[in-house]
Amino acid sequence: MNKSISPELSLLIASCLGFGHDKSQAVDQKHLFNLLYYHQIRPVFLSYIHDNGIDISFKQRLTTDCQQIAFANLICAQELVRVSKLLTARGIETYAYKGSVWADWLYGNVGQREFGDIDVLITRDDFSDAIEVLADEAGYIADDYRKYLLETPKARERFFKTDYHIPMLRETGHSTNVLEAHWEIAYPRLLFTFPSDEWARYSETHTLLNQKLNVFQKEYQFLILLVHHGGKEQWRKLKYMADLAAYMFRYGNVTDWEKVAALAREKGIYTLVTWSLGILKGLGVPWAKEWPQQIASVETTLLLNQWEAAPQLPSNSTWPYFKHGFAIHDGFKYKSALVLEHLKYFSELQLLWHKATWYKKNS
C-alpha cells in the first residue's frame, strides 16, 4: 500500500479489500466521514469496524444510515422481483443486473452494497411493449423528455441508436422508486458490445427473495461489472473496487478465466480486464494461484490521489469517456471503431436539434 495516503483512506481501503489495519494510527474523524460518504461503502465499512473492534465517533449515525440502506435495498429487491414477474408474464424476457442482484451475488446480502435504483435489461425488440407494461401495470413512468423522444418517430430511432436506457419513476406516496430500463449496457459510442441477441447464450438464473431471476453467467457478468466500474466509472470510487474485490474473493477460484479472456478479446476489452485486475494487484491484494497469473501490477498512485481528493464528476463526460475508452480498447481495430462511433454520434444533428427544441419549448 502507498505510504503517502492518509490514515483515513488507508482504513477505507482496508475495509474494502479485507486488509488488517493498524489501530495505533490517529484518524481524523471528519475526513474519514467525508471520504466514507463520498465513496459509498458504508455497509462494508460498518461490517469491517464491527469485526475488527474499531471505534469511530460517528458510529451511531453510520449504524442508522446502514439500517436505512438495508431497508431501501430490500424495497428495491422486492420491486425488481415484482417488475420481472410482470414482464415475464407478458412474454417479455428481462435480465436483472447491478443494484440488488449484485449486492446479493457479490456479498450474499442485499443490504451490504450501496445503490440507488433498479436496473433491468430488455431486448430492443421487446422494449416498446415493456415500457407499456411498466407504465400501465407496474406504475413506472418515463419523464416528459423521454416520452417526447419515444413518441416522435424520427427522434425515436435516433434516440435508440445513440442512448442505452430510460429512467422511469414510480411515486408511492412515501417514496420514489427509480427504475432504469436498458436495451444496452452503455452508450453505443463507448463501444462496449454486449448485444441482446447473445444474452440468452450466457444466461442463468439467480434466486432473490425466493424468486428466480434471469441474470448472466459469472464470466459474462464479470465483464459487465468491469465495463460499468472500470470502463464507464473508471474506478473513481472505492465502492467499485470493493465490488471487484468481492467478486475475486467469492468467485475468483471458480471462474473460467480462459472464457473471460476469450470473451474480452472478442469484444476488444481485454486491456480493460488486465488493467482492472492489475489495479487490484497493485493495491496489494494477495494473488491466489487460481487467479489469472499473467496480470502485472498497475501503479496506483494517481488513482489513490483521486480517491483522496474525492473530486466531483465533470459536468460534460463526453471527452473523458472518449479518452478513457481509447486507452482501454484493444489495438487499432477497436480504437478506430471507437472513433467511428463517436463521429456517428456527433453526426446525429437532428437528434441534438430535437433535444434543443424540446428544452427551449419547456424551459
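Our subject is the structure that appears above.
To keep things clear, this report deals only with the structure shown in the data block. On a predicted model such as this, the values are computed, not experimentally measured, just so you know.

**What to know about the state of the cysteines**
Note on terminology: a disulfide is the covalent bond linking the sulfur atoms of two cysteines.
Phase 1 of the analysis: Applying the stated rule across the entire model yields zero disulfides.
Phase 2 of the analysis: Of all cysteine sulfurs in the structure, the one in C66 sits closest to C16, which takes part in no disulfide; the separation is 12 Å.
Phase 3 of the analysis: Its relative accessible area of 7% is what places C16 among the buried residues.

**Thoughts on a nonpolar patch on the surface**
Phase 1 of the analysis: Taken together, the side chains of F326, V339, L340 and L343 make up a nonpolar region of the molecular surface, amounting to roughly 340 Å² of accessible area.
Phase 2 of the analysis: Counting residues per element, the nonpolar patch draws most heavily on helix α15 (residues 331-346), at three residues.
Phase 3 of the analysis: With a relative accessible area of 45%, L340 lands in the partly exposed category.

**Observations regarding the sheet that holds strand β5 (residues 176-182)**
Phase 1 of the analysis: Taking strand neighbours across the sheet as the criterion, the five strands line up as β1-β2-β5-β4-β3 in an open arrangement whose pairing is mixed. Of all the strands in the sheet, the pair left with one neighbour each is β1 (94-96) and β3 (141-142).
Phase 2 of the analysis: In this sheet, β5 lies alongside strand β4 (residues 165-171) in antiparallel orientation, the contact comprising seven bridges. If you follow R170 over to β5, its bridge partner there is N177.

**As for the side chain of E8**
Phase 1 of the analysis: Among the structural elements, E8 can be located in helix α1 (residues 7-17).
Phase 2 of the analysis: No salt bridge is formed by the buried E8. Its closest oppositely charged neighbour is K30, at 13 Å.

**Concerning the packing of aromatic side chains**
A ring pair, where both rings are aromatic, is described by two values, the distance of the centres and the angle of the planes.
Phase 1 of the analysis: This model, assessed by the stated rule, comprises 27 aromatic pairs.
Phase 2 of the analysis: For the ring pair W102 and W105, a centre distance of 6.5 Å and an interplane angle of 40° mean the geometry is tilted. Note that W102 and W105 are positioned in helix α5 (residues 99-107) at a spacing of three residues, about one turn of the helix. With respect to class, W102 is no different from W105; both count as buried.
Phase 3 of the analysis: A ring pair is formed by F127 and F160, whose centres lie 5.7 Å apart and whose planes are at 80°; its orientation type is edge-to-face. Highlighted residues: F127 in helix α6 (residues 127-136) and F160 in helix α8 (residues 153-162), separated in sequence by 33 residues. F160 carries the same exposure label as F127, and that label is buried.
Phase 4 of the analysis: The cationic tip of R189 hangs over the ring face of Y187; the distance from NZ or CZ to the ring centre is 4.4 Å.

**Digging into the pattern of salt bridges**
Phase 1 of the analysis: The full count for this structure, using the stated rule, is 15 salt bridges.
Phase 2 of the analysis: Salt-bridge contacts for E290 lead to K289; the nearest nitrogen and oxygen are separated by 2.9 Å.
Phase 3 of the analysis: What emerges from the salt-bridge pattern is a single network uniting R42, R61, D65 and E114.

**Observations regarding the nonpolar core**
Phase 1 of the analysis: Counting 121 residues, the largest nonpolar core has L17, L62, F194 and F222 as its most contacted members.
Phase 2 of the analysis: The element best represented in this core is helix α10 (residues 238-251), accounting for ten residues.
Phase 3 of the analysis: When neighbours within four sequence positions are excluded, L17 is seen to be in contact with M241, A245, F249, L280, L283 and V285.

**As for helix α9 (residues 218-232)**
Phase 1 of the analysis: Here α9 spans 20 Å end to end across 15 residues, near enough to the 21 Å set by a 1.5 Å rise per residue.
Phase 2 of the analysis: For α9, a buried count of 14 out of 15 residues is recorded, marking the element as mostly surrounded by other parts of the structure.

**Things to note about the packing of α10 against helix α12 (residues 270-282)**
Phase 1 of the analysis: Where α10 contacts α12, the two axes come as close as 11 Å, and the packing angle between them is 90°. Considering their axes alone, α10 and α12 lie roughly perpendicular with respect to each other. Contact residues: M241, L244, A245 and M248 in α10; S276, L277, I279 and L280 in α12.
Phase 2 of the analysis: Here the residues of the contact of α10 with α12 are counted per class, giving seven nonpolar, one polar and no charged.

**A closer look at the pairing of β4**
Phase 1 of the analysis: Summarising the sheet, β3 and β4 pair through two bridges and their orientation is antiparallel. Pairing of I141 across the sheet is with L169, part of β4.
Phase 2 of the analysis: Between β4 and β5, which pair antiparallel and follow one another directly, the connecting turn spans four residues, one of which, G173, has a positive phi of 95°.

**Section: the side chain of D119**
Phase 1 of the analysis: Topologically, D119 is positioned in strand β2 (residues 118-122).
Phase 2 of the analysis: Polar side-chain contacts of D119 include one of 2.9 Å to the side chain of H182.

**Structural notes on the packing of helix α2 (residues 29-39) against helix α4 (residues 59-89)**
Phase 1 of the analysis: Look at α2 against α4: their axes get within 12 Å of each other, and the N-to-C directions meet at 10°. Relative to α4, the element α2 lies roughly parallel. Contacts from F33, L36 and Y37 of α2 reach α4 at R61, L62 and D65.
Phase 2 of the analysis: Counted by class, the contact of α2 with α4 contains four nonpolar, no polar and two charged residues.

About the cut-offs
- Position numbers for residues count from 1 along each chain, tracking the sequence in the order it is written.
- A pLDDT threshold of at least 70 governs which residues receive local features in this predicted model, and a stricter bar of 80 or more applies before side-chain atom pairs are shown or counted, although totals over entire chains, interfaces and linings include all residues.
- Calculated side-chain values reflect all of the structure's heavy atoms, with hydrogen atoms and water omitted.
- Any two cysteine sulfur atoms lying within 2.5 Å of each other are counted as a disulfide.
- With a 1.4 Å probe rolled over the protein chains alone, any residue whose accessible area is under 20% of its type maximum counts as buried; one over 50% counts as exposed, and the rest are partly exposed.
- Residues qualify for a patch when their relative accessible area is over 30% and they have no salt bridge, like charges being joined within 9 Å and the nonpolar side chains of Val, Leu, Ile, Met, Phe, Trp and Tyr within 5 Å.
- In this description, accessible areas are obtained by the Shrake-Rupley approach with a 1.4 Å probe, and a residue is regarded as covered only by the protein chains that are shown.
- Definition used for salt bridges: Asp or Glu carboxyl oxygen within 4 Å of a side-chain nitrogen of Lys or Arg.
- Put simply, DSSP H or I for four residues or longer makes a helix, DSSP E for two residues or longer makes a strand, and each gets a number counted from the N terminus.
- The criterion for strand pairing is that DSSP finds at least two bridges linking the strands in question.
- The positive count covers Lys and Arg only, the negative count covers Asp and Glu only, and His and the chain ends enter neither.
- Two aromatic rings from Phe, Tyr or Trp, using only the six-membered ring of Trp, form a pair when their centres are within 6.5 Å; if the ring planes differ by under 30 degrees the pair is stacked, by over 60 it is edge-to-face, and anything between is tilted.
- Geometrically, a lysine NZ or arginine CZ counts as sitting over a ring once it is within 6 Å of the ring centre and also within 35 degrees of the ring normal.
- Throughout, nonpolar core names a set of buried Ala, Val, Leu, Ile, Met, Phe, Trp, Tyr and Cys residues whose side chains join them through atoms within 4.5 Å.
- Contacts between residues were defined by any pair of non-hydrogen atoms, one from each residue, lying within 4.5 Å.
- Here the expected length of a helix is defined as 1.5 Å per residue gap, with one fewer gap than residues.
- What counts as an axis is a line fitted to C-alpha atoms, over the stretch in contact for a helix, and the angles between N-to-C directions run from 0 to 180 degrees.
- The scheme is simple: roughly parallel for angles under 35 degrees, roughly antiparallel for over 145, roughly perpendicular for 65 to 115, oblique for anything else.
- For this classification, Asp, Glu, Lys and Arg are treated as charged, while Ala, Val, Leu, Ile, Met, Phe, Trp, Tyr, Cys and Pro are nonpolar and the rest, including Gly, are polar.
- As used in this structure description, the phrase polar contact means that two N or O atoms lie within 3.5 Å; if the pair is within protein, one of them must be able to donate a hydrogen and the other to accept it, and residues adjacent in sequence are counted only when both atoms belong to side chains.

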